[in-house]
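Structural features, examined
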Amino acid sequence: MSTNIESHLIEKRVFKPAKEFSKKAQISNFADYKKLHAESVKSPEKFWAKEAATLKWTKKWTRVLDWKAPFAKWFVGGHLNASENCLDRHLEGPRRNKAAIIWEGEPGERRTLTYHQLHREVCVFANILKRNGVKSGDRVLIYMPLIPEAVIAMLGCARIGAVHSVVFGGFSSESIKDRILDSGATVVVTADGGYRRGQIVSLKQNVDHALQGVEQVRRVIVFRRTHLDIHIQEGRDVWWHREAEYVDAKCPPHPVDSEHPLFILYTSGSTGKPKGILHTTGGYLTGTASTTKYVFDLRENDVYWCTADVGWITGHSYLVYGPLANGATCVLYEGAPNWPEPDRFWKIIAEFGVTILYTAPTAIRAFMKWGDEWPKKHDLSSLRLLGTVGEPINPEAWMWYHKHIGEGRCPIVDTWWQTETGAIMISPLPGATPLKPGTATLPFFGIDAAIVDDKGKEVGPNEGGKLVIRKPWPAMLRSIYGDKPRYRKQYWSEVKGCYFTGDGARRDKDGYFWIVGRIDDVLNVAGHRLGTAEVESAIVSHHDVAEAAVVGRPDELKGQAVVAFVTLRSGYKASNELAEAIRRHVAHAIGPIAKPDDVRFAESLPKTRSGKIMRRLLKQIASGSAITGDTTTLEDFSVLTKLRASDE
Ligand code: 7RM
């Protein structure tokens, strides 16, 4: 019996880059990509040194890479400052008065900060940190709504060498507490509240709860966003705007070693406590700046919108560090995509003239569910490039995004990467790579990605296996904070000499990478190993379906039975006939082997805050066992209760 993952769903549609797009692109044809990629993988250090040289270093490195597996040091001996690279560098030329951030709050207010203004605000905040005793290397926990001050707080930390750890504003007190204790943070930056779906989220109150019985936090800096009445603890809590009165706007950047920690970002492990992913300065900035430039093909007058929250790695890399290092104009929106109506995104795009939109498949599937009429109401003609990240995008959702948002004109960059990889690893280059709906296509420059079997041997075309990276890259994580053994075990011991991503994938005959899902979620039906992505894509290609998640349930005969959780598009009703039609539809698209034994209709699926379906929980529901493991990253706990209730 083969242990490899099988593949049955073969996509035949190909979209070549349009000539007008390629003409102006950074990389303008496929042959150039292939040649440059081959060279860059042969000597990655050469490629990355060239990219690093586009940044400002106050002291040049002496060696590009020091690799004592699994520990990497990039740009050894070099000194730089991340905030200087994102701000000061742009002040001397025409970007000085260019918009760095165009922000819209959920209630509708707007603010624009030029590079000059953002720089000034960051300097003020860095001085506030200093005034409150924060030193280089100290950890600062940031728990903010998506307002410019979240970015200012991050860059303010970077400016003085403090290490930020951003916790998503939707997380609970318990999550804040875990992260404070693990990171050893002594200062917290928060706001009185933030807006979400018309409600105020009481951020400061959550911080107060989190800090009960926690002695190590000496200072809480509170930004006034909502004027919500909050408790101020004398001696511990201070207002941002009051502190600002005591400091000036001069704060020279503090140069740090290339390997100085820039931030810790927590990601949930499938079991046990969350992992603090540690990123350092020089390599991370090189990786994010370089990928932003090539993958989004940035041009000087782009209006770039990444819809992620700063609490997620996508917010760090492609809303803050990557675009600002490139001097881009970034849109920031605080609230929900369907507030007050499901066309908020399209309204923002039309009104700000957004040219690049980077969002998640989960959002795209929600837009599909809400109906085509919402984007139709708005002028989306400013858009020239679309991107996705976070999950495999079902070909059906890709086609919808292409047609209804890109109006057939915009290339889509499906970018595969992880919190751990820091920067985009597998992605099309929009002026060069022929696209196929559902694949992140080919590795970025300098990235040596491969698919291997259980023995670590590379598999052939269309054979599924484990996705690994065979060479270190600059933006890679350096460790799990405070836990080197776990770092080694988790990422570097599954496949000898390689970084193991945890994802299953296959390469098609053109070498394109298709992510088939997390290895832990792979189904095993009568000896056939099936990735979740293909079965889900087959289900979503049924007209009435908005979203699907499949999991295995223990089955005496087959090993595992396939259970599909399905949500329907607006206006469609669940019925036994529809369940049967969906089963037939999958059998037709993939084969009888993948036919769900059980189709269960649900109002919604359990997801993480960044929109990933939590199959681990669905597996427990499907097999009728108790919900165990970390649920702190779950977006809406009531979804679980509803799913269980429908079970009875
Ligand atoms: C950026 C981010 C990482 C996991 C990763 C995959 C999945 C992300 C894609 C994708 C297929 C994609 N960081 N994933 N992007 N799967 N195609 N384009 O999401 O740490 O939160 O998650 O997300 O499973 O391992 S993350």
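Refer to the structure presented above.
Let me begin by describing the structure that accompanies this report. (Residues numbered from 1 in each chain as written. Predicted model: local features only at pLDDT ≥ 70, side-chain atom pairs only at ≥ 80, totals over all residues. Heavy atoms only, no water.)

What follows is about the overall build of the chain. Along the backbone of the chain there are 20 helices and 31 strands. Expected size for 648 residues packed as a compact globule is a radius of gyration near 26 Å; at 24 Å, the chain falls within 12% of this value. A principal-axis box enclosing the C-alpha atoms of the chain has dimensions of 70 × 55 × 50 Å. Excluding contacts between residues fewer than 6 apart, the proportion of contacts in the chain whose partners are at least 24 apart in sequence is 72%. Of the roughly 24600 Å² that the chain leaves accessible, carbon and sulfur atoms contribute 51%. Taking the average place of the 87 positive charges on the side chains of the chain and the average place of its 75 negative ones, the gap between the two points comes to 5 Å. (Helix = DSSP H or I, 4+ residues; strand = E, 2+ residues; numbered from the N terminus. Rg over C-alpha atoms; globule rule 2.2 N^0.38 Å. Contact = heavy atoms within 4.5 Å. Areas by Shrake-Rupley, 256 points an atom, 1.4 Å probe, with all protein chains shown as cover. Lys, Arg positive; Asp, Glu negative; His and termini not counted. Charge placed at Lys NZ, Arg CZ, Asp CG, Glu CD.)

Pairing is mixed in the open sheet, where seven strands are placed in the order β6-β5-β18-β17-β19-β20-β21. Edge positions in the open sheet fall to β6 (110–114) and β21 (412–415), since each of these has one partner strand only. In this sheet, adjacent strand axes meet at a mean angle of 20° when their direction is disregarded. Relative to strand β18 (residues 329–333), strand β5 (residues 99–104) is paired through four bridges, and the arrangement is parallel. Within β18, the residue paired with Trp103 across the bridge is Leu332. (Pairing = 2+ DSSP bridges. Axes fitted to C-alpha atoms, helices over the stretch in contact; angles between N-to-C directions.)

Burial within helix α13 (residues 361–370) is extensive, with seven of its 10 residues counted as buried. Among the residues trailing α13, Gly371 stands out with phi positive, at a value near 110°. (Buried < 20%, exposed > 50% of the residue type's maximum accessible area, 1.4 Å probe, protein only.)

Next up on the list: the pairing of strand β2 (residues 63–68). Bridge analysis of β2 against strand β3 (residues 71–76) gives five bridges, and the strand direction is antiparallel. Opposite Arg63, over in β3, you have Val76 as the bridge partner. With antiparallel pairing between neighbouring strands as the criterion, β2 and β3 make up a hairpin whose turn holds two residues.

Here we take up the site of the ligand. Near the ligand there are 17 residues, and of these Asp414, Thr415, Gln418, Thr419 and Lys612 occur at the shortest range. A distance of 2.8 Å separates an oxygen atom of the ligand from a polar atom in the side chain of Gln418. The side chain of Asp503 places a nitrogen or oxygen atom 2.9 Å from an oxygen atom of the ligand. In isolation the ligand exposes 520 Å². Once the protein is present, 92% of that is buried. Elements with a contribution of two residues or more to the shell around the ligand: α11 (313–325), β21 and β26 (513–518). Partitioned by chemical class, the residues of the shell around the ligand number seven nonpolar, five polar and five charged. (Near = heavy atom within 4 Å. Polar contact = N/O pair within 3.5 Å; in protein donor to acceptor, adjacent residues only side chain to side chain. Nonpolar A, V, L, I, M, F, W, Y, C, P; charged D, E, K, R; others polar.)

A pair of packed helices can be characterised by two numbers: the angle between their axes and the separation between those axes. Look at helix α17 (residues 532–540) against helix α18 (residues 576–589): their axes get within 9 Å of each other, and the N-to-C directions meet at 120°. Taken together, the axes of α17 and α18 are oblique relative to one another. The two elements α17 and α18 cross, and the hand of that crossing is right-handed. Contacts between α17 and α18 pair Val535, Ala538 and Ile539 from the former with Ile582, His585, Val586 and Ala589 from the latter. Residues of the contact of α17 with α18, tallied by class, amount to six nonpolar, one polar and no charged. (Parallel < 35°, antiparallel > 145°, perpendicular 65-115°, else oblique. Left-handed = near helix turned anticlockwise from the far one by under 90°.)

What follows deals with the pattern of salt bridges. In this structure the tally under the stated criterion is 47 salt bridges. Between Lys275 and Glu420 there is a salt bridge, with its nearest N and O atoms 3.9 Å apart. In this pair, Lys275 is assigned in strand β16 (residues 275–280) and Glu420 in the loop between β21 and β22 (449–452), connecting sequence segments 145 residues apart. The residues Lys275 and Glu420 share a single accessibility class, namely buried. Here Lys466 ties to Glu494 by a salt bridge, and the two come within 3.0 Å at their closest N and O atoms. Placement of Lys466 in strand β23 (residues 465–469) and of Glu494 in the loop between α16 (484–492) and β25 (499–507) is noted, with a sequence separation of 28 residues between them. Taking the relative accessible area as the measure of exposure, Lys466 reaches 8% and is therefore buried. Judged by relative accessible area, which is 42%, Glu494 ranks as partly exposed. Three or more residues joined by partner-sharing salt bridges are found here, namely Glu104, Arg110, Arg344, Lys347 and Glu351. (Salt bridge = Lys/Arg side-chain N within 4 Å of Asp/Glu carboxyl O.)

With that settled, consider the side chain of Glu536. Tracing the chain through its elements places Glu536 in helix α17. Non-local contacts of Glu536, meaning those with residues more than four positions away in its chain, are made with Asn394, Ala548, Ala549, Val550 and Arg615.

Attention now goes to the sheet that holds β26. Hydrogen bonding along the main chain pairs the strands of a sheet, whether they run parallel or antiparallel. Spatial strand order, β22-β23-β25-β26: four strands in an open sheet with antiparallel pairing. Strands with a single pairing partner mark the edges of an open sheet, and in this sheet they are β22 and β26. Neighbouring strand axes in the sheet, compared pairwise and without regard to direction, differ in orientation by 45° on average. Both β23 and β25 contribute to a ladder of four bridges, which runs antiparallel. Considered in β25, the bridge of Lys466 is made with Gly504. In this fold α17 packs onto β25 and β26, with an angle of close to 95° to the strand it touches most, β26.

Time to look at the nonpolar core. Core analysis: the biggest nonpolar cluster contains 142 residues, and Leu118, Leu155, Trp240, Tyr321 and Leu324 have the highest contact counts within it. Core analysis: the next-biggest nonpolar cluster, separate from the first, contains 30 residues, Phe352, Leu383, Trp400 and Tyr401 among them. (Core = buried A, V, L, I, M, F, W, Y, C linked by side-chain atoms within 4.5 Å.)

At their nearest, the axes of helix α5 (residues 115–131) and helix α6 (residues 148–160) sit 8 Å apart, and the two run at 65° to each other. When you trace α5 past α6, the crossing you get is right-handed. Facing α5, whose interface residues are Leu118, His119, Glu121, Val122, Cys123, Phe125, Ala126, Leu129 and Lys130, α6 presents Ile152, Ala153, Leu155, Gly156, Cys157, Arg159 and Ile160.

Attention now moves to the environment of Asn326. As for its position among the elements, Asn326 is in the loop between α11 and β18. Separated by 240 residues in the primary sequence, Asn326 and Cys86 place their C-alpha atoms 7.4 Å from one another. Residues within four places of Asn326 in sequence aside, it is in contact with His90, Arg95, Ala289, Thr292, Lys293 and Leu298.

So, about the environment of Gly184. By secondary structure assignment, the location of Gly184 is in the loop between α7 (173–183) and β9 (187–191). Spatially, the C-alpha atoms of Gly184 and Val140 are 8.7 Å apart, while their sequence positions differ by 44 residues. With residues up to four places along the chain from it excluded, the contact list for Gly184 reads Arg139 and Gln216.

Here we take up unusual backbone geometry. Geometrically, the link from Ala69 to Pro70 is a cis peptide bond, its omega value of 0° lying close to zero. Tracing the backbone through its elements, the reader meets Pro70 in the loop between β2 and β3. The step from Trp339 to Pro340 runs through a cis peptide bond, and the omega angle for that step is -5°. By secondary structure assignment, the location of Pro340 is in the loop between β18 and α12 (344–352). Even without being a glycine, Asp297 presents a positive backbone phi close to 50°. Topologically, Asp297 is positioned in the loop between α10 (281–295) and β17 (303–306). Of the residues examined, Asp297 reaches a relative accessible area of 2% and is grouped as buried.

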